[in-house]
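Listed below are the residues making up each chain.
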Amino acid sequence: MASSLSSFSSLLNQPHFIKIQRYRYLNLCFLSNKTHFNPSYSPLRTLRCTSALNFPRNFSQFQPSSSSNKTPQNGPTLHDFISRAVAAASDIQPAPALPVSTSEVLPRGRIYHETYGCQMNINDMEIVLSIMKKSGYNEIVEDPESAEVIFINTCAIRDNAEQKVWQRLNYFWFLKRQWKGNVATGRSVSKHPPKVVVLGCMAERLKDKILDSDKMVDVVCGPDAYRDLPRLLEEVDYGQKGINTLLSLEETYADISPVRVAKNSISAFVSVMRGCNNMCSFCIVPFTRGRERSRPVESIVREVGELSNEGVKEIMLLGQNVNSYNDASGLENDAEPEATWTLSDGFSSRCKVKKTGFRFADLLDRLSTEFPEMRFRYTSPHPKDFPDEFLYLMRDRHNICKSIHLPAQTGSTTVLERMRRGYTREAYLDLVQKIRTIVPDVGISSDFICGFCGETDEEHADTISLLKAVGYDMAYMFAYSMREKTHAHRNYTDDVPEDVKQRRLAKMIQTFRETTGQCYDSQVGTVQLVLVEGPNKRAPETELIGKSDRGHRVIFKNVPIPHFNESNEKQLAKIGDFVEVLILKSTTASLFGESLAVTKLSSFYESPDVAVACSGRT
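Residues numbered from 1 in each chain as written. Predicted model: local features only at pLDDT ≥ 70, side-chain atom pairs only at ≥ 80, totals over all residues. Heavy atoms only, no water.

The protein appears in an unreviewed UniProt entry as CDK5RAP1-like protein from Papaver nudicaule. Per UniProt, the comment on the protein under Sequence similarities (unreviewed entry) is "Belongs to the methylthiotransferase family. MiaB subfamily." Here is the UniProt Cofactor (unreviewed entry) comment for the protein, exactly as written: "[4Fe-4S] cluster". (UniProt positions renumbered as here; feature names shortened; annotations may be inferred.)

If you want it as structure tokens, here you go:
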């Protein structure tokens, strides 16, 4: 008990402990040797009381009242009272806990949130909402005018994304500055001016600039500091700016169950690792997300199990470099990376693995075995981490989708070298050939950058020829924008004119559209298993839409069809059903077909007839 009082005395010395609900809560009889202390009382609770007394920062200035009201100016301080209480600890008797009525607790603000960038940012927002919910922020609203807390989760990969965020921050600043007038006119219904919180990669990269932007932002929080958000918001109540952008070598949020943004969704994101060690010369991610660290396998299995119980049918496993997953938790001995860490043939890495554990193939093996009726996808991988055993696992497991994102970035070996990607054009093409040999009918997507530092017309032509040679199902294509802190920013010159970048980008997009049609055309005549996502927006009353195993969008008429293991009575398919669809025609972006039956994921691939029908492309 003495140590408890000593700890409480230490807490009183903290500058943030300045609001205390009536000192009767301390339950200390200061002027008596019969001191009582309530061990169930939490001093942190007093920070949320509505009828708080504002004590001076120097607690020795506070004078306790007495019946005579003649306490001398140089009388005992609060620290003297605490010392007496510690000395009398042997006489302390526990007092009953004092209830706190709902009227004494400050209502937590309503939250509005926006997310920009990759799927990892979406998952991060779900983690943030879970943290805030545990701190009492239970209500999420659909518009910023109704919120007391506004979260904007940002992306720093390209300048375009940052400009969108600045535009939104300008509007949120208007809501803050014109709050009284907006409330009076009914434009805003928030109970006090909103606190604006910038999260994510842009927060990490531009923290000083954001905080200096004319009181536009109240809190800046980096990707590894989300647990600190409740405290940072309290800092704002005391007139301070809240900021925590420290990167971590351990934080994975493995113990947090995310609050799903999309309610009743049949698909979900699950983060398995964070950060990146690749240090590509154009990329800001290692500087905004930190070094690689992976969640323990067991925590991922637990989260996937919870999602399965909620009716989720498809999981997207996330990581900045997801297939370099390495769960070394619980391992006592270091292993030589050359002995256990195999890269794709012809690929190299600048970062050596110091301690090896369960790899991504081990994780997928465990998940696909324990959850045979769930589909698994993953993004975003690096081409260097596709060892043969991983590809054979994808081939053999029906619930690991036959879809691989294989970022090329460029088709030129010389540009790849300046990008520090760790492979040549030839090694990349060999890997594509191996993937298509081991995993028939696989869909391949990619990322491309045009106009990187020093790129010539000949080097760009190599990228165009790579697009034609591979034939991608999907590609994300961008003009290069220089990012501060990167190797390129320190060592190269962004010397390709903007008009040249845009012309090259247009050429890439045109080439992709000319070649991707072949990928979709190859599916005509096959039977595809489609996970129904909902009504087709263009014909919501009559058509459904979903994705095939390969990731293609499939549209079909919503008519009564037989159901697996049910009566012969035909029924309409619903969201979350797996439907067999015969593909009748294609475009460069969609497949169209006829629904045959609702089935189970495992049952579909057990049928030899279906297996033959699905092997259209080799």
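**Q** Before we move on, could you go through the overall build of the protein and cite the residues and values that matter?
**A** The number of helices and strands found in the protein is 20 helices and 22 strands. Taken over 618 residues, the protein has a buried fraction of 53%. Only carbon and sulfur atoms are counted for the fraction: they give 51% of the accessible area of the protein, which is about 28,900 Å². (Helix = DSSP H or I, 4+ residues; strand = E, 2+ residues; numbered from the N terminus. Buried < 20%, exposed > 50% of the residue type's maximum accessible area, 1.4 Å probe, protein only. Areas by Shrake-Rupley, 256 points an atom, 1.4 Å probe, with all protein chains shown as cover.)

**Q** Could you give an account of helix α16 (residues 457-470), with specific residues and numbers?
**A** With 14 residues, α16 should reach 20 Å at 1.5 Å per residue; the first-to-last C-alpha distance of 20 Å fits that figure. Looking at α16, one finds that the buried residues are E459, H460, T463, I464, L466, L467 and V470. Buried residues of α16, seen end-on, are gathered within an arc of 155 degrees and therefore sit on one face of the element. Exposed residues lying more than 90 degrees from the buried face of α16 are D457, E458, K468 and A469. (Expected span 1.5 Å × (residues − 1). Arc of directions from axis to C-beta.)

**Q** Just give me the short version of the pairing of strand β11 (residues 314-318), but keep the residues and values in it.
**A** For a regular strand, side chains alternate in direction, first toward one face of the sheet and then toward the other. Counted residue by residue, β11 has five buried out of five residues, so it is predominantly covered. The side-chain alternation of β11 yields two buried faces, one formed by E314, M316 and L318 and the other by I315 and L317. Direction of pairing for strand β8 (residues 267-271) relative to β11: parallel, over a ladder of five bridges. Following the sheet pairing, A268 is matched in β11 by I315. Two elements, β11 and strand β14 (residues 375-379), share five bridges in a ladder whose sense is parallel. (Pairing = 2+ DSSP bridges.)

**Q** Describe the environment of C450, and please don't skip the residues or the numbers.
**A** With respect to the helices and strands, C450 occurs in strand β16 (residues 443-450). Linking C450 and F478, residues 28 residues apart in sequence, is a C-alpha distance of 6.4 Å. When sequence neighbours within four positions are dropped, the list of residues in contact with C450 reads E455, H460, F478, A479, Y480, K501, R504, L505 and M508. (Contact = heavy atoms within 4.5 Å.)

**Q** Report on helix α8 (residues 229-237), specifying residues and quantitative values.
**A** Within α8, burial applies to L229, P230, L232, L233, E235 and V236. Residues of α8 that are buried make contact with α3 (119-134), β4 (149-154), β5 (195-200), β6 (219-221) and β7 (242-244). G239 occupies a position one or two residues after α8 and carries a positive phi of about 85 degrees.

**Q** Describe the sheet that holds strand β3 (residues 111-115), listing the residues and the values that go with them.
**A** Adjacent strands of a sheet form backbone hydrogen bonds with each other and so pair up, either parallel or antiparallel. As summarised here, the arrangement of the five strands in space is β3-β4-β5-β6-β7, forming an open sheet in which the pairing is parallel. One side of each edge strand has no neighbouring strand; the edge strands of this open sheet are β3 and β7. Neighbour to neighbour, the strand axes of the sheet diverge by 15 degrees on average, direction disregarded. Two strands pair when backbone bridges link them, and β6 and β7 are joined in this way by three bridges, in the parallel orientation. (Axes fitted to C-alpha atoms, helices over the stretch in contact; angles between N-to-C directions.)

**Q** Any chance you could break down the side chain of N326 for me, citing the residues and the numbers?
**A** Mapped onto the fold, N326 is located in strand β12 (residues 326-327). N326 gets classed as buried once you look at its relative accessible area, which sits at 17%. Apart from residues lying up to four places away in sequence, N326 is in contact with S294, W341, V353, K355, T356, G357 and F358.

**Q** Lay out the pattern of salt bridges with the relevant residues and their values.
**A** Inspection of the entire model under this criterion finds 36 salt bridges. Among the salt bridges present, the one from E306 reaches R302, with a minimum N-O distance of 3.3 Å. Highlighted residues: E306 and R302, both in helix α10 (residues 297-309), separated by four residues, approximately one helical turn. Among the ionic pairs, R359 bridges to D385, the shortest N-O distance being 3.6 Å. (Salt bridge = Lys/Arg side-chain N within 4 Å of Asp/Glu carboxyl O.)

**Q** Break down the sheet that holds β14 for me, with residues and values.
**A** Overall, parallel pairing links the three strands, which are arranged β8-β11-β14 in an open sheet. The strands lining the two open edges of the sheet, one partner per strand, are β8 and β14. Mean inter-strand twist for the sheet, computed between neighbouring axes without regard to direction, equals 25 degrees. In the packing of α10 onto the sheet, contacts are made with β8, β11 and β14, and the angle to β8 comes to roughly 165 degrees.

**Q** I'd like to hear about the nonpolar core, residue by residue, with values.
**A** If you look at the biggest cluster of nonpolar residues, it comprises 57 residues, and the most contacted ones within it are I315, Y378 and Y472. Broken down by element, this core gets its largest block of residues, six residues, from helix α15 (residues 425-438). Other than its neighbours up to four places away in sequence, I315 contacts A268, V270, V304, L307, M374, R375, F376 and R377. If you look at the next biggest cluster of nonpolar residues, it comprises 23 residues, including M132, L233, Y253 and I256. (Core = buried A, V, L, I, M, F, W, Y, C linked by side-chain atoms within 4.5 Å.)

**Q** Before we move on, could you go through the packing of helix α13 (residues 388-396) against α15 and cite the residues and values that matter?
**A** Here α13 crosses α15 at 35 degrees, and the two axes come no closer than 9 Å. You can see that α13 and α15 cross each other, and the crossing is right-handed. Each of D388, L391, Y392 and R395 in α13 lies in contact with α15, whose residues at this interface are K434, I435 and I438. Residue classes in the contact of α13 with α15 are distributed as four nonpolar, no polar and three charged. (Left-handed = near helix turned anticlockwise from the far one by under 90°. Nonpolar A, V, L, I, M, F, W, Y, C, P; charged D, E, K, R; others polar.)

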